[in-house]
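Structural description and commentary
Chain residues, written in single-letter form:
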Amino acid sequence: MKRIVSPSILSADFGNLERDIRMIDRSAAEWVHVDVMDGVFVPNISFGFPVMKPLRRATRKVLDVHLMITEPERYLRRFVEAGADFVTFHHEATRDARGCIAAIREAGAKVGISIKPATPPEALGDLLPEIDMALVMSVEPGFGGQSFIPESLDKIRTLDRMRRDAGLGFLIEVDGGISASNAGEVFAAGADAVVAGSAVFGTTDPEAEIRKILEAR
């Protein structure tokens with residue numbers, strides 16, 4: 001099974017963001033994770049459209065945009081137009097998940113849907129045939145540097161089983177508390193992609209750390 005690392009620029013040095021994006025471009029990471037937070041759905045505020053466009057110009061990698069915002073349907077098309085390859089919204093943040101899926105698809109991006117730690121994977125059941133990726137939050141969304149919630153492994157296994165039982169091809173991504181010390185068991189549980197922030201940008205050799213995460217056992 002192929003492994004993907006998506007370094008989260010929420011943990012990058014904002015004063016040297018271009019430098020850190022160039023590092024990701026040189027590295028074995030295939031995606032760049034962009035956490036968009038509105039201060040309402042989660043208790044923090046991060047990036048918006050002004051950051052997206054220069055990011056798109058600066059990298060050849062897949063822009064993996066994770067919307068932690070209320071009523072994501074208001075902004076989906078604009079994030080695609082700003083250069084997102086994947087747009088992931090939260091199941092808990094909208095009353096119209098199918099409308100969000102259709103809007104992302106129609107705008108030309110791949111569709112992701114995320115669940116917070118308290119939301120069971122079964123909540124996504126009838127939506128799984130319509131998406132390209134399911135994102136399991138393995139920490140409470142809103143802040144970097146949190147510890148991985150061990151129960152997340154069971155959620156990954158459940159989604160993987162649901163995927164296999166239905167013969168579906170959506171990816172499973174995991175976000176929160178990922179490092180080389182636990183990435184092996186996260187991939188073994190069925191994850192295809194992992195988001196790593198402080199584990200990558202908090203080291204003296206982030207490119208080597210990305211490789212360690214990819215090769216973790």
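Residues numbered from 1 in each chain as written. Predicted model: local features only at pLDDT ≥ 70, side-chain atom pairs only at ≥ 80, totals over all residues. Heavy atoms only, no water.

**Observations regarding the sheet that holds strand β8 (residues 193-196)**
Quick note on the threshold: Note on pairing: DSSP must find at least two bridges between two strands before they are called paired. The helix count covers DSSP runs of H or I at least four residues long, the strand count covers runs of E at least two residues long, and both are numbered beginning at the N terminus. Axis definition: a line fit to C-alpha positions, over the contact stretch in the case of helices; interaxial angles, taken between N-to-C directions, run 0 to 180 degrees. The contact rule is simple, with two residues in contact once any of their heavy atoms fall within 4.5 Å.
The 8 strands are arranged β1-β8-β7-β6-β5-β4-β3-β2 in an open sheet whose pairing can be described as parallel. The sheet is open, and its two edges are formed by β1 (4-7) and β2 (31-37), each paired on a single side. Strand after strand, the sheet turns through a mean of 25 degrees between neighbouring axes, direction not considered. Examined bridge by bridge, β1 and β8 share 4 bridges and lie parallel to one another. Of the residues in β8, the one forming a bridge with V5 is V194. Contacts between helix α2 (residues 49-58) and the sheet are confined to β2 and β3 (62-68), with β3 contributing the most and set at about 165 degrees to the helix. Sitting on the sheet, helix α8 (residues 206-215) touches β1 and β8, and the angle it makes with β1 is about 140 degrees.

**What to know about α2**
What counts, and what does not: Partly exposed residues are those whose accessible area sits between 20% and 50% of the maximum for their type, while under 20% is buried and over 50% is exposed, using a 1.4 Å probe and protein chains only. It is the directions from the helix axis to the C-beta atoms that the arc portrays.
The set of residues buried in α2 consists of F49, M52 and L55. Within α2, the buried residues cover an arc of 115 degrees as seen down the axis, which keeps them to one side. Counted as exposed and oriented over 90 degrees from the buried face of α2: P50 and R57. Residues of α2 that are buried sit in contact with α1 (17-26), β2, β3 and α3 (76-81).

**Considering the packing of aromatic side chains**
Stated precisely, the cut-off is as follows: Two aromatic rings, drawn from Phe, Tyr or Trp (for Trp, its six-membered ring), form a pair once their centres lie within 6.5 Å of each other, and the interplanar angle then sorts them: stacked below 30 degrees, edge-to-face above 60, tilted otherwise. Only lysine NZ and arginine CZ atoms are considered, and such an atom sits over a ring when it is within 6 Å of the ring centre and within 35 degrees of the ring normal.
All told, the structure shown has 4 aromatic pairs when counted by the stated rule. Residues W31 and F86 carry aromatic rings whose centres are separated by 4.9 Å and whose planes lie at 40 degrees to one another, so their mutual orientation is tilted. In this pair, W31 is assigned in strand β2 and F86 in strand β4 (residues 86-90), connecting sequence segments 55 residues apart. Accessibility assignment for this pair places W31 and F86 in one class, buried. Plain terms: the ring middles of F49 and F79 are 4.5 Å apart, the flat faces sit at 40 degrees to each other, and that makes the pair tilted. A residue pair is termed long-range when its members are at least 10 positions apart, and F49 in helix α2 and F79 in helix α3 qualify at 30 residues. On the accessibility criterion, F49 (16% relative accessible area) is buried. Following the ring pairs from residue to residue traces out a cluster consisting of F49, Y75 and F79. The ring of F41 has K116 lying over it, and the distance from NZ or CZ to the ring centre is 5.0 Å. The ring of F170 has R163 lying over it, and the distance from NZ or CZ to the ring centre is 5.7 Å.

**Quick word on the side chain of D192**
In plain terms, the rule: N or O atoms within 3.5 Å of each other form a polar contact, as long as, within protein, one can give a hydrogen and the other can take it, and as long as residues adjacent in sequence are counted only when both atoms are side-chain atoms.
In this structure, D192 sits in the loop between α6 (183-189) and β8. Relative accessible area serves as the criterion here: at 8%, D192 is assigned to the buried category. Here the side chain of D192 touches R163 through a polar contact of 2.7 Å, side chain to side chain. Excluding residues within four positions of it along the chain, D192 makes contact with M1, K2, R3, I4, R163, F170, L171, I172 and F187.

**Here we look at the environment of D126**
Inspection of the secondary structure assignment puts D126 in the loop between β5 (110-115) and β6 (133-137). The exposure class of D126 is exposed, given its relative accessible area of 52%. Put simply, D126 and G169 are 43 residues apart on the chain and 14 Å apart in space, counted from C-alpha to C-alpha.

**Examining α1**
Count 3.6 residues to each turn of an α-helix, and residues three or four apart come out pointing the same way. Residues of α1 that are buried: L17, D20, I21, M23, I24 and D25. Check the buried side of α1 and you find it contacts β1, β2, α2, α7 (198-201) and α8.

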